[in-house]
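Here's the letter readout for the chains.
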Amino acid sequence: MEFDPRIFLFVLFGLGLTLAVTLEKWLAKYWLSLPIVYVAAGYVVFSLPIGLPHINPTVDGFDAVALEYVTEFIVIASLMAAGIAIDRPVSWKNWGQIWPLLLVAMPVTIAAVAWLGWWALGLAPASALLLGAAMAPTDPVLARSVQVGPPGENKRHDVRFSLTVEAGLNDGLAFPFTYLAIAAVGMTSLGAWTLEWAALDLVWRIVAGVAMGWAVGRAGAWYVFEREADAQIEELENEEDGGVDQPTYSTSEGLIVLGTLLLAYGLAEMVEGYGFIAVFVGAVTARQRENRSRYHKLSHHFIDQIEQIVLVAVLFGFGAMLASGVLDALTWPAALVGLALIFVIRPIAGLMAEANCDLPLVGKMTVAFLGVRGMGSIYYLAYGQNHADFEGLDLLWALASFIILTSIVVHGVLAGPLIRHAERRNAHIHDGQEDTIDRLTPESRSLRVQPDPKL
């Protein structure tokens, strides 16, 4: 019987999906993560001489387009899951530890990486800026293991909360600098184009993304809790709530959440706003409505399943990229720049940002170090390649792939122990203290955010 590579890929993907949950739990005992194993498996399988397709965006422009679309969707799904999972009400005080990560750590990282790209690697200014913009955001996809858990856990996770919200917002906030890099291609001096970038890409697109996300999130929450819920609720006795009747939703309700947040993304992009910001803001906004409802847990589970399905394919695909020679252009100076980002630039920028927050030192160090790089970086590089003629793309892809691979290994091994240690210390500090986090509504005031008793 003739070997069919296409059918073999179905087998590989099916096996990967089947084993994903079991492997993830088993690997956690050995300080390993699923991405490490699946990327390695993808590399081995696609290195075999059996006629499998090569995935290398530096050779084939179609691969860059495909990578942009696939990684765009998985980032959207990850932002949905992250936004729905956040129990903490939105206020300046509650989210005070987040703003410095966005306003200090991210610009410092962009500037440092771009400067190293220009000074140490000899990249053109536009290419160096694209590198900085692509490598600055932390990744909501590969950072699953360090993010908050499903909604409604009633646990205080200050470190996980910081990493989750940072990853949720800075993926969209990297876009202005990606647009700046695209606009800078071929430019030799500052001019009116920089003012246009500041007004449109830096101000309007962010404001439009936030506004559209808030509006669609509010509308989606109304649709679910005022209209759809009243039509489809079944009154059943809930033993966990002491016999109180509670609404029971169908898992098909997850389709409404997915549809609503995809709508937020599309509408934001139509008005030239940032869709990634709209998705996360929309998910958080919808989560603030009826925050104790089990509907949010069902929605999160639904979106999480979609994210895991696409993640398995993307991890195998990244392994295929490595097997196809995307690292061939990597140089020693470039590798040192990549290591500097993970072990020096991000930790220092994170500590600078978190200097005045209430986290203990070990929590600040954990947040600063666990700046996972991943699929978002691939998306921004692919987007830049598809919208402008950047110089040195082979080096950009080689360095980005090296950074992502290093992040998968280093953070995949160290994230679990670091998070557990930081949360034990944080739980000890908060033990016996009154939680001062603001409440959402009178109905939600009974929802206390407490230290995890298991830590």
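The rules we used
Residues numbered from 1 in each chain as written. Predicted model: local features only at pLDDT ≥ 70, side-chain atom pairs only at ≥ 80, totals over all residues. Heavy atoms only, no water. Helix = DSSP H or I, 4+ residues; strand = E, 2+ residues; numbered from the N terminus. Buried < 20%, exposed > 50% of the residue type's maximum accessible area, 1.4 Å probe, protein only. Contact = heavy atoms within 4.5 Å. pLDDT = per-residue confidence, 0-100. Patch = residues over 30% accessible without salt bridge, like charges linked within 9 Å, V, L, I, M, F, W, Y side chains within 5 Å. Areas by Shrake-Rupley, 256 points an atom, 1.4 Å probe, with all protein chains shown as cover. Salt bridge = Lys/Arg side-chain N within 4 Å of Asp/Glu carboxyl O. Polar contact = N/O pair within 3.5 Å; in protein donor to acceptor, adjacent residues only side chain to side chain. Phe/Tyr/Trp six-rings, centres within 6.5 Å; stacked < 30°, edge-to-face > 60°. Expected span 1.5 Å × (residues − 1). Axes fitted to C-alpha atoms, helices over the stretch in contact; angles between N-to-C directions. Parallel < 35°, antiparallel > 145°, perpendicular 65-115°, else oblique. Left-handed = near helix turned anticlockwise from the far one by under 90°. Nonpolar A, V, L, I, M, F, W, Y, C, P; charged D, E, K, R; others polar.

Novice: Can you tell me about the overall build of the protein, naming the residues and giving the values?
Specialist: What the protein contains, in helices and strands, is 15 helices and 4 strands. Sorting the 455 residues of the protein into buried and exposed places 54% on the buried side. A separation of at least 24 residues holds for 82% of the contacts in the protein among residues at least 6 apart in sequence.

Novice: How would you sum up the confidence of the model for the protein? Please name residues and give values.
Specialist: Low pLDDT means the predicted coordinates in that region are not meant to be read closely. Looking at the protein as a whole, the pLDDT averages 83, with 82% of positions reaching at least 70. Element-level mean pLDDT values for the protein span from 38 in strand S4 (residues 450-451) up to 96 in helix H12 (residues 332-353). Considering only residues more than four positions removed or in separate chains, one finds that residues 230-245, a stretch of pLDDT under 50, has 21 contacts. Under a pLDDT of 50 for its full length, residues 431-455 has, in the predicted model, 45 contacts with residues more than four places off or in other chains.

Novice: Before we move on, can you summarise a nonpolar patch on the surface with the specific residues and values?
Specialist: A contiguous nonpolar surface patch, about 590 Å² in accessible area, is contributed by Val108, Leu336, Leu339, Phe343, Val344, Ile348 and Met352. Ranked by the residues each element gives to the nonpolar patch, the list is headed by H12, at 6 residues. Looking at the element boundaries, Val344 is found in helix H12.

Novice: Can you tell me about the pattern of salt bridges, naming the residues and giving the values?
Specialist: Scanning the model with the defined rule gives 6 salt bridges in all. Asp158 is paired through a salt bridge with Arg88; the nearest N and O atoms lie 2.8 Å apart. Of this pair, Asp158 sits in helix H6 (residues 158-173) while Arg88 sits in the loop between helix H3 (61-85) and helix H4 (99-119); the two residues are 70 residues apart in sequence, bridging distant segments of the chain. Of the charged contacts, one joins Arg205 and Glu272 as a salt bridge, the two residues approaching to 3.7 Å between their closest N and O atoms. Within this pair, whereas Arg205 is found in helix H8 (residues 192-232), its partner Glu272 is found in the loop between helix H9 (254-270) and helix H10 (275-287), the two being separated by 67 residues in sequence. Taking relative accessible area as the criterion, Glu272 reaches 39% and is therefore assigned partly exposed. Salt bridges here are not isolated pairs; linked through shared partners, they connect Asp201, Arg205 and Glu272.

Novice: Any chance you could break down the environment of Tyr38 for me, citing the residues and the numbers?
Specialist: Note on placement: Tyr38 falls in helix H2 (residues 34-47). Expressed as a C-alpha distance, the spacing of Tyr38 and Ala313, which sit 275 residues apart in the sequence, is 9.2 Å. Setting aside its immediate chain neighbours within four residues, Tyr38 contacts Gly16, Leu19, Ala20, Leu23, Val312, Leu315 and Phe316. Within the local environment of Tyr38, its side chain forms a polar contact with the backbone oxygen of Gly16, the two atoms lying 2.6 Å apart.

Novice: Lay out the packing of aromatic side chains with the relevant residues and their values.
Specialist: Centre distance and the angle of the planes are the two values used to describe a pair of aromatic rings. All chains considered together, the criterion is met by 19 aromatic pairs. With centroids separated by 5.0 Å and ring planes inclined at 10°, the aromatic side chains of Tyr38 and Phe316 adopt a geometry described as stacked. Here Tyr38 is found in helix H2, whereas its partner Phe316 is found in helix H11 (residues 295-323), with 278 residues between them in sequence. The pair Tyr38 / Phe316 is uniform in exposure class, with both members buried. Ring geometry for Trp115 and Trp119: centres 5.0 Å apart, planes at 5°, overall stacked. Residue Trp115 and its partner Trp119 are located together in helix H4, separated by 4 residues, close to a single helical turn. Classification of Trp119 by relative accessible area gives exposed; the value is 57%. Following the ring pairs from residue to residue traces out a cluster consisting of Phe175, Tyr179, Tyr265, Tyr274, Phe276, Tyr379, Tyr380 and Tyr383.

Novice: Lay out the side chain of Glu166 with the relevant residues and their values.
Specialist: Among the secondary structure elements, Glu166 is positioned in helix H6. Residues in contact with Glu166, not counting those within four places in the same chain, are Ile98, Leu101, Leu102, Thr138 and Arg346.

Novice: An account of H11 is needed here, citing residue identities and associated values.
Specialist: With 29 residues, H11 should cover 42 Å at 1.5 Å per step; its first-to-last C-alpha distance of 42 Å lies within 8% of that length. Phi turns positive, to about 95°, at Gly325, one or two residues after H11.

Novice: An account of the packing of H12 against helix H13 (residues 361-369) is needed here, citing residue identities and associated values.
Specialist: Packing of H12 against H13 brings their axes to within 7 Å, and their N-to-C directions diverge by 130°. On the basis of their axis angle, the class for H12 and H13 is oblique. Where H12 crosses over H13, the two elements pack in a sense that is right-handed. Here Ile342, Phe343, Arg346, Pro347, Gly350 and Leu351 of H12 come into contact with H13, specifically with Lys364, Met365, Val367, Ala368 and Phe369.

Novice: Can you break down the side chain of Asn170 residue by residue, with the values?
Specialist: With respect to the helices and strands, the residue Asn170 is situated in helix H6. Sequence-distant contacts of Asn170, that is, excluding residues within four places in its chain, are made with Leu102, Met106, Pro137 and Thr138.

Novice: Hey, could you go over the packing of H3 against H10 for me, with residue numbers and the actual values?
Specialist: Helix packing for two helices is described by the angle between their axes and how far apart those axes are. Closest axis-to-axis distance for the H3/H10 pair is 7 Å, and the angle between their directions is 25°. The orientation of H3 relative to H10 falls into the category roughly parallel. Between H3 and H10 lies a crossing whose hand is right-handed. Between H3 and H10, the residues in contact are Glu72, Val75, Ile76, Leu79, Met80, Ala82, Gly83 and Ile84 and Phe276, Val279, Phe280, Ala283, Val284 and Arg287, respectively. Its residues assigned to classes, the contact of H3 with H10 shows 11 nonpolar, 1 polar and 2 charged.

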